Amino acid sequence: MGKKIVCTGRGGTGKTTFVALAAKYLGLHPLLVDADSDQNLAELLGVDPEKEEVRTISDILFDIQKGKGDEQLNSMPLTEKLEYLLNADCLYESDKFDMISLGVKWTKGCYCSPNNILRSIISKVANSYEYTIIDSPGGLEHLNRRIFSEIDDIFVILDPSKKALNNIERTKRITSEIGIHYNNLYLIANYRFNKNTEEYLKNINENYLGKIEYDPDLEEYSWNGRSLLGLSQDSPAFSSVKNIMTKAGYKTGS
Ligand SMILES: Nc1ncnc2c1ncn2[C@@H]1O[C@H](COP(=O)(O)OP(=O)(O)OP(=O)(O)O)[C@@H](O)[C@H]1O
Ligand SMILES: [Mg+2]
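The model shown is predicted, which means the values in this text are computed figures rather than measured ones.

1. Description of helix H4 (residues 57-66)
Piece 1. Of all the residues in H4, the buried ones are Ile57, Ile60 and Leu61. Each buried residue of H4 sits inside an arc of 100 degrees when the element is viewed along its axis, so together they form one side.
Piece 2. Gly67 occupies a position one or two residues after H4 and carries a positive phi of about 70 degrees.

Structure representation (structure tokens):
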């Protein structure tokens, strides 16, 4: 079974940047799951979902709920239909990585039956990849979607604030309450930490893996819509992610 990595943290801490750079580090054609409705991950990887005509999981659920879509599929059982639509319409495929975006409205509680089926289909798809990396929206609400109940590693990207520290305990509590199991929860300091605040993290009794250094190139890449996969090997942000992934026991496949 492939390894599942989830990146979480408060809004704007650098989660999506980390996911893109972790994908660059791992190589080996990972599956990326964008659980953020803003679909920033595609943007940071230089992909325009509209131009590529890839749809989100929410889009296909919405069609099914409204009875829209290809009439030829109407006679298919729901599970088969969802599996077909996910593979045909939602899976973005490229030579470096594949990607699925969940879209805006897919939350636990609505369209219950398709939700459960979709979870098992996404797991099935993910299991054919060596690595699956999930990018989350800010906050903890996304955990309710419970896309995967078995996770290898959770990476929490922190900003230097008390709220971010409180978030660590809440992440542990909520994952336990809703039945998400994981092997390791790792802390990562974002580029806004200084020596003092980083020292604090080093001294709390948690799995702290290091800091992501400030990288001036990220702004230029983002502004020009360039894929972060093209960032240089010795750039400050990528060097930091390499160190962090190595400490977490991941080998580079590139
Ligand atoms: N190491 C870094 N150095 C400089 N800027 C950075 C660094 N990491 C992230 N940023 C910048 O911070 C901003 C937020 O980054 P990013 O989108 O990765 O955060 P996020 O946690 O995914 O945000 P959101 O919660 O909105 O999804 C972006 O403009 C990004 O370029
Ligand atoms: Mg993001």
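2. Topic: helix H10 (residues 236-247)
Piece 1. The end-to-end C-alpha distance of H10, which contains twelve residues, comes to 17 Å, matching closely the 16 Å that a straight helix rising 1.5 Å per residue would cover.
Piece 2. What H10 keeps buried is the set Ala237, Phe238, Ser240, Val241, Ile244 and Met245. For H10, the angular spread of buried residues about the axis comes to 155 degrees, placing them on one side.
Piece 3. Looking at the buried residues of H10, the elements they touch are helix H1 (15-26), strand S7 (181-189), strand S8 (207-211) and helix H9 (217-223).
Piece 4. In the segment just after H10, Gly249 is the residue with positive phi, at about 95 degrees.

3. Topic: the pairing of S7
Piece 1. Across eight bridges, strand S6 (residues 150-158) lies against S7 in parallel orientation. Paired with Ile151 across the bridge in S7 is Tyr182.
Piece 2. Following the backbone out of S6, through helix H7 (residues 162-177) and into the adjacent parallel S7, one traces a crossover that is right-handed.
Piece 3. With four bridges joining them, S7 and S8 adopt parallel strand pairing.

4. A look at the site of ligand 1
Piece 1. Around ligand 1, the structure places 20 residues, and the nearest of them are Gly14, Lys15, Thr16, Thr17 and Gly138.
Piece 2. Counting residues per element, the ones that place at least two in the shell around ligand 1 are H1 and H9.
Piece 3. Split by residue class, the shell around ligand 1 holds six nonpolar, ten polar and four charged.

5. Remarks on the confidence of the model for the protein chain
When pLDDT is low, close inspection of the predicted coordinates is not appropriate.
Piece 1. Averaged over every residue, the pLDDT of the protein chain is 90; the share at 70 or more is 96%.
Piece 2. Here helix H6 (residues 112-126) stands out as the least confident element of the protein chain, with mean pLDDT 81; H10 is the most confident, with 98.

6. Concerning the sheet that holds strand S5 (residues 131-135)
Piece 1. The eight strands lie next to each other as S3-S4-S2-S5-S1-S6-S7-S8, forming an open sheet whose pairing is mixed. In this open sheet, the two strands that pair with only one neighbour each are strand S3 (92-93) and S8.
Piece 2. Here five bridges tie strand S1 (residues 3-9) to S5, and the two strands are oriented parallel to one another. Across the sheet, residue Cys7 finds its bridge partner in S5, namely Asp135.
Piece 3. Helix-sheet contacts for H10 involve S7 and S8, and the interaxial angle to S8 is about 160 degrees.

7. Examining the nonpolar core
Piece 1. If you look at the biggest cluster of nonpolar residues, it comprises 62 residues, and the most contacted ones within it are Ala22, Ile188 and Val241.
Piece 2. Among residues more than four places away in sequence, those in contact with Ala22 are Ile5, Ile133, Val241 and Met245.

8. Some thoughts on the environment of Leu165
Piece 1. Tracing the sequence through the fold places Leu165 in helix H7.
Piece 2. For Leu165, a count of 16 C-beta atoms within 10 Å puts it in the partly exposed group.
Piece 3. C-alpha separation for the pair Leu165 and Gly9, spaced 156 residues apart in sequence, amounts to 10.0 Å.

9. Things to note about the environment of Pro216
Piece 1. Locating Pro216 in the fold gives a position in the loop between S8 and H9.
Piece 2. Classification of Pro216 by C-beta neighbours within 10 Å gives exposed; the count is 9.
Piece 3. Between the C-alpha atom of Pro216 and that of Asn127, which follows or precedes it by 89 residues, the distance is 36 Å.

10. Side note on the pairing of strand S4 (residues 98-101)
Piece 1. Direction of pairing for strand S2 (residues 31-34) relative to S4: parallel, over a ladder of four bridges. Its bridge partner being in S4, Leu32 is matched across the sheet by Met99.
Piece 2. Bridge analysis of S3 against S4 gives two bridges, and the strand direction is antiparallel. Paired with Glu93 across the two strands is Asp98, which belongs to S4.
Piece 3. What sits between the antiparallel neighbours S3 and S4 is a turn of four residues.

The rules we used
- Residues numbered from 1 in each chain as written.
- Chains lettered and ligands numbered in written order.
- Predicted model: local features only at pLDDT ≥ 70, side-chain atom pairs only at ≥ 80, totals over all residues.
- Buried ≥ 20, exposed ≤ 12 C-beta atoms within 10 Å, placed from the backbone.
- Helix = DSSP H or I, 4+ residues; strand = E, 2+ residues; numbered from the N terminus.
- Arc of directions from axis to C-beta.
- Expected span 1.5 Å × (residues − 1).
- Contact = placed C-beta atoms within 7 Å.
- Pairing = 2+ DSSP bridges.
- Right-handed = clockwise from strand over helix to strand, strands pointing away.
- Near = placed C-beta within 6 Å.
- Nonpolar A, V, L, I, M, F, W, Y, C, P; charged D, E, K, R; others polar.
- pLDDT = per-residue confidence, 0-100.
- Axes fitted to C-alpha atoms, helices over the stretch in contact; angles between N-to-C directions.
- Core = buried A, V, L, I, M, F, W, Y, C linked by C-beta atoms within 7 Å.

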